[in-house]
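Spelled out, the chains give:
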Amino acid sequence: MAISIVLVDFEGDPLSSLLFYLAEENVNCNKSFLYSSSMSVSRLNILAEMSGLKIGTSLFVYLGVPIFKGKSKAVHLHLIVDKITNRLSSWKCALLSFICCVELVKSVIQGMLTHSIALYSWPISLIWDVECAVKRFIWSGKTTKNKIIMVA
């Protein structure tokens, strides 16, 4: 079981109680990281040495959602866009009817988007990229190729 510990530096010294907590638990040091937003680097390094945990980067993924500090930017959420386009690319839409493709997108892709859009406000450029990939998938069966639509 991986444990991520988020440290916040207060006026006092809460680190002694935190280290006591770490000593009592069976923590897998290969899967667990320390994260801090306001602690000095030297103090964080000392804590990492004492606990045996690694220092994590500021951008990490938890339950499929990127966790970061600050306003959401395209670079932060591009992981989700890549996951959606890879999912679309893996499906074989040529074997499905038009209605089946639409239902597949509605049930799976829109669920993925709803989960992440509920947490972050997405940049318009990323919403446009996902929308274009979905439209291409529905009409041509591929996310990278446009299809000319004939209307009778």
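Just so you know, these numbers come straight off a predicted model, no measurement behind them.

Caption draft 1: Summary view of the pattern of salt bridges. Per the counting criterion, the structure on display carries 2 salt bridges. Between E103 and K106 there is a salt bridge, with the nearest N and O atoms lying 3.9 Å from each other. On the criterion of helical spacing, the pair formed by E103 and K106 is a turn pair, its members being 3 residues apart in helix α4 (residues 98-117). Under the relative-accessibility criterion, E103 is labelled partly exposed at 43%. In this structure, E131 and K135 form a salt bridge, with 3.2 Å as the shortest nitrogen-oxygen distance. With E131 and K135 both in helix α5 (residues 124-140), this residue pair falls 4 residues apart, about one helical turn. Judged by its relative accessible area of 34%, E131 is partly exposed. Residue class for K135 comes out partly exposed when judged on its relative accessible area of 43%.

Caption draft 2: A look at the packing of helix α3 (residues 74-90) against α5. Where α3 contacts α5, the axes come no closer than 10 Å and their chain directions differ by 5°. Compared by their axis directions, α3 and α5 come out roughly parallel. Residues A74, L77, H78, V81, I84, T85 and L88 of α3 pack against S125, L126, V130, A133, V134 and F137 of α5. In terms of residue class, the contact of α3 with α5 is made up of 10 nonpolar, 3 polar and no charged.

Rules and cut-offs
Residues numbered from 1 in each chain as written. Predicted model: local features only at pLDDT ≥ 70, side-chain atom pairs only at ≥ 80, totals over all residues. Heavy atoms only, no water. Salt bridge = Lys/Arg side-chain N within 4 Å of Asp/Glu carboxyl O. Helix = DSSP H or I, 4+ residues; strand = E, 2+ residues; numbered from the N terminus. Buried < 20%, exposed > 50% of the residue type's maximum accessible area, 1.4 Å probe, protein only. Axes fitted to C-alpha atoms, helices over the stretch in contact; angles between N-to-C directions. Parallel < 35°, antiparallel > 145°, perpendicular 65-115°, else oblique. Contact = heavy atoms within 4.5 Å. Nonpolar A, V, L, I, M, F, W, Y, C, P; charged D, E, K, R; others polar.

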